[in-house]
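If you want the building blocks of each chain, they are given just below.
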Amino acid sequence: MLSIILPAKNEAAALVDLLPKLRRSRPDAEILVVDDGSTDETARICREAGVRSVRQPYSMGNGAAIKRGAREAGGDILVFMDADGQHDPVLIERLLLRLDEGFDMVVGARDWSGQAGVSRGLANTLYNWLATRMTGFAVKDLTSGFRAVRAGKFREFLHLLPNGFSYPTTCTMAFFRSAYAVAYEPIPVAKRIGKSHIRPLRDGVRFLLIIFKIATLYSPLKLFAPASALFFLLGLGHYAYTFVTAHRLTNMSVLLFSASVIVFLIGLISEQITALTYRRDDRG
């Protein structure tokens, strides 16, 4: 059974056309709209389209809606797609065909023309590059909200997923960490209907934190070890300078050497915590 999950917050303008298209394209699928505290006509449009909707009592975030949908859905295969009209329901078949090849998750990968502005495109390019370096796999679209996954494997990571917009990042890195096969399928993306809920100023810090989250989700030592080495080299350089000029070891050099050791130990502990987190899933 296939379940199609759409997290929606005030997306009535797009849903009025999208839901009938989805029903015609996948008449055999369960279509589930998770209404994240909408104040528009989302509930009415779902009723008229004959689509099941689950309403959050207040807005909890895109990731929270995804988690609610994953718990409520009855399908063995879950397809997540945005409710803003960017994704064509016909493209679902392409994701499912790749899933049939033996992959555990297939992500719809946008090209540059599918990015919402230059700043978002540059940020996503940076995320993709960093995730590729961390995992050793070619990550073509780390933040895409259009993906098909095997339900059992996806639910293993519900406790890791944040309630905000960065759930695709967490999900993708968790699949790579657990050695689940991930594929990317190039897809075209239409211009969204309505106003985006992402605010550049407010979410700028969040996007920066995503960069660090990518590293700590997959292998914290890959982030902390270079930082530790940098502090050590700075301490060594400062000691060499003060030894030549003043013939002594200064407090600053000791501080930098201590920081190097502390950062390395924090990375080592983080690595062990990360390993234990994923081992919990293996036992399940």
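Keep in mind the model is a prediction, meaning the values are calculated, not measured. (Residues numbered from 1 in each chain as written. Predicted model: local features only at pLDDT ≥ 70, side-chain atom pairs only at ≥ 80, totals over all residues. Heavy atoms only, no water.)

(A) Just the nonpolar core, in detail. Within the largest apolar cluster, 40 residues are counted, with the highest numbers of intra-cluster contacts made by L78, F80, F154, M173, F175 and I214. Core analysis: the second largest hydrophobic core is formed by 29 residues, L2, L19, F146 and I187 among them. (Core = buried A, V, L, I, M, F, W, Y, C linked by side-chain atoms within 4.5 Å. Buried < 20%, exposed > 50% of the residue type's maximum accessible area, 1.4 Å probe, protein only.)

(B) Region of interest: the sheet that holds strand β2 (residues 30-36). Pairing within the open sheet is mixed, and its seven strands lie in the order β3-β2-β1-β4-β6-β5-β7. Edge strands, defined here as strands with exactly one partner in the open sheet, are β3 (52-56) and β7 (182-186). Direction aside, neighbouring strands of the sheet carry axes that sit 20 degrees apart on average. With five bridges connecting them, β2 and β3 associate as parallel partners. Counterpart to V34 in the pairing with β3 is V54. (Pairing = 2+ DSSP bridges. Helix = DSSP H or I, 4+ residues; strand = E, 2+ residues; numbered from the N terminus. Axes fitted to C-alpha atoms, helices over the stretch in contact; angles between N-to-C directions.)

(C) Summary view of helix α9 (residues 221-246). For α9, with 26 residues, the first-to-last C-alpha span of 36 Å sits near the 38 Å given by 1.5 Å per residue. Residues F224, S228, G235 and T242 constitute the buried set of α9. Downstream of α9 by one or two residues, H247 has phi in the positive range, about 55 degrees. (Expected span 1.5 Å × (residues − 1).)

(D) Representation of the environment of L265 within the structure. On the secondary structure map, L265 appears in helix α10 (residues 251-283). Relative accessible area serves as the criterion here: at 44%, L265 is assigned to the partly exposed category. Spatially, the C-alpha atoms of L265 and F224 are 8.7 Å apart, while their sequence positions differ by 41 residues.

(E) Expanded view of the packing of aromatic side chains. Throughout the structure, instances matching the rule amount to eight aromatic pairs. A ring pair is formed by F137 and F176, whose centres lie 5.1 Å apart and whose planes are at 20 degrees; its orientation type is stacked. Residue F137 is found in the loop between α5 (118-135) and β6 (147-150), and its partner F176 is found in helix α7 (residues 167-177); the two are separated by 39 residues along the sequence. With a centroid separation of 5.4 Å and an interplanar angle of 55 degrees, the aromatic rings of F157 and F175 are classed as tilted. With F157 in the loop between α6 (151-155) and α7 and F175 in helix α7, this pair connects stretches of sequence that are 18 residues apart. Judged by relative accessible area, F157 falls into the buried class, the value being 1%. Taken together, the ring pairs in this structure connect F80, F154 and Y167 into an aromatic cluster. (Phe/Tyr/Trp six-rings, centres within 6.5 Å; stacked < 30°, edge-to-face > 60°.)

(F) Representation of the pairing of β7 within the structure. The element β7 is extensively covered by neighbouring structure, given that four of its five residues are classed as buried. By the bridge criterion, five bridges tie strand β5 (residues 105-109) to β7 in an arrangement that is parallel. By the bridge assignment, M105 is partnered in β7 with V182.

(G) Expanded view of the pattern of salt bridges. All chains considered together, the criterion is met by 14 salt bridges. The residue E101 makes a salt bridge to R98 at a minimum N-O spacing of 3.2 Å. Of the charged contacts, one joins D141 and R110 as a salt bridge, the two residues approaching to 2.7 Å between their closest N and O atoms. Here D141, found in the loop between α5 and β6, pairs with R110, found in the loop between β5 and α5; they are 31 residues apart in sequence, far enough to count as distant. For R110, a relative accessible area of 16% gives the class buried. What you see here is one network of salt bridges that share partners, running through E30, R52, R68 and E72. (Salt bridge = Lys/Arg side-chain N within 4 Å of Asp/Glu carboxyl O.)

This is a description of form; function is not addressed.
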